[in-house]
Amino acid sequence: MADRVEIYTDGACRGNPGPGGWGVLLRYRNNEKELFGGEAHTTNNRMELLAVIQALGTLTRRVPVRITTDSQYVKKGITEWIVNWKRNGWRTAAKQPVKNADLWQQLDRLVAANDVVWAWVKGHSGHPENERADALANMGIESL
């Protein structure tokens, strides 16, 4: 689809928790944009979520979007688990608070505001855009 925004995201953490970074490659038609950032004390899962949040936050209007991530946590969380979390008042099936609920709630709002489809790719498998997102996430750590 020519008018679809392609988004590739990744998160990284040195230690878990530890310094972390997120990276995003956005592609729309013939244009590319790269984003990255980091936090001094965080987790890998938070960085994976923040990458997608930052990417969707750059969009200025509702458009078709495909997000490609190597994080099953993000993909399954937003497409499968979140329904029950919301129904259970942001608690897991074990009645524990959902980890990273603040980020899941932000992501839920952003996904609702866009036409998003999700794709998963195995990390560190040579997928060029995923490898670039990984490099950007590491740049996020280095920028701290």
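Details of the structure are given in the entry above.
Residues numbered from 1 in each chain as written. Predicted model: local features only at pLDDT ≥ 70, side-chain atom pairs only at ≥ 80, totals over all residues. Heavy atoms only, no water.

What is the right way to look at the overall build of the chain in this model?
In terms of helices and strands, the chain carries four helices and five strands. Seen in sequence order, the chain has helices and strands lined up from the N terminus as β-β-β-α-β-α-α-β-α. For the chain, whose C-alpha radius of gyration is 15 Å, the value lies close to the compact-globule estimate of 15 Å for 144 residues. When its C-alpha atoms are laid out on the principal axes, the chain stretches across 45 × 35 × 25 Å. Across the 144 residues that make up the chain, the buried fraction comes to 44%. In the chain, 65% of the contacts between residues at least 6 apart in sequence involve partners at least 24 apart. Looking at the chain as shown, the accessible area adds up to about 7,500 Å², and 50% of this sits on carbon and sulfur atoms. Mean positive and mean negative side-chain charge positions of the chain (19 and 16 charges, respectively) differ by 8 Å. (Helix = DSSP H or I, 4+ residues; strand = E, 2+ residues; numbered from the N terminus. Rg over C-alpha atoms; globule rule 2.2 N^0.38 Å. Buried < 20%, exposed > 50% of the residue type's maximum accessible area, 1.4 Å probe, protein only. Contact = heavy atoms within 4.5 Å. Areas by Shrake-Rupley, 256 points an atom, 1.4 Å probe, with all protein chains shown as cover. Lys, Arg positive; Asp, Glu negative; His and termini not counted. Charge placed at Lys NZ, Arg CZ, Asp CG, Glu CD.)

Looking at this structure, I do not really get the nonpolar core. What am I missing?
Side chains that are nonpolar tend, in soluble globular proteins, to be buried together. Judged by nonpolar contacts, the single largest core of 31 residues is most densely connected at Ile7, Leu56, Trp104 and Leu107. Counting only elements with at least two residues in this core, the list comes to β1 (5-13), β2 (18-28), α1 (44-57), β4 (64-69), α2 (72-87), α3 (101-112) and β5 (115-120). Counting residues per element, this core draws most heavily on α1, at eight residues. If near-sequence neighbours (up to four positions away) are discounted, Trp104 is found in contact with Leu49, Tyr73, Val74, Gly77, Ile78, Ile82, Trp85, Trp90, Val98 and Lys99. (Core = buried A, V, L, I, M, F, W, Y, C linked by side-chain atoms within 4.5 Å.)

Help me understand α3 in this model?
Taking 1.5 Å per residue as the helical rise, α3 with its twelve residues ought to reach 16 Å, and the 16 Å between its terminal C-alpha atoms agrees with that figure. If you check which residues of α3 are buried, you get Ala101, Leu103, Trp104, Leu107, Asp108 and Val111. Down the axis of α3, the buried set is contained in an arc of 155 degrees. They therefore lie on one face. On its buried side, α3 packs onto α1, α2 and β5. (Expected span 1.5 Å × (residues − 1). Arc of directions from axis to C-beta.)

Is there a simple way to think about the pattern of salt bridges in this case?
Here the idea is simple: oppositely charged side chains can pair when their charged atoms come close. Summed over all chains, the structure comprises nine salt bridges. Through salt bridges with shared partners, a single ionic network connects Arg4, Glu6 and Arg66. (Salt bridge = Lys/Arg side-chain N within 4 Å of Asp/Glu carboxyl O.)

Is there a simple way to think about the sheet that holds β1 in this case?
Here five strands make up an open sheet; going across it, the order is β3-β2-β1-β4-β5 and the pairing mixed. The outermost strands of the open sheet, each flanked by one partner alone, are β3 (31-42) and β5. Put simply, the sheet's adjacent strands are angled 20 degrees from each other on average, direction ignored. Pairing between β4 and β5: six bridges, direction parallel. Across the sheet, residue Val65 finds its bridge partner in β5, namely Val116. (Pairing = 2+ DSSP bridges. Axes fitted to C-alpha atoms, helices over the stretch in contact; angles between N-to-C directions.)

How should the side chain of Asp134 be read in this particular structure?
Checked against the element boundaries, Asp134 lands in helix α4 (residues 128-142). Notably, Asp134 is buried but unbridged: the nearest opposite-charge side chain belongs to Arg14, and the N-O separation is 8.6 Å. With residues near it in sequence (within four places) discarded, Asp134 still touches Asp10 and His124.

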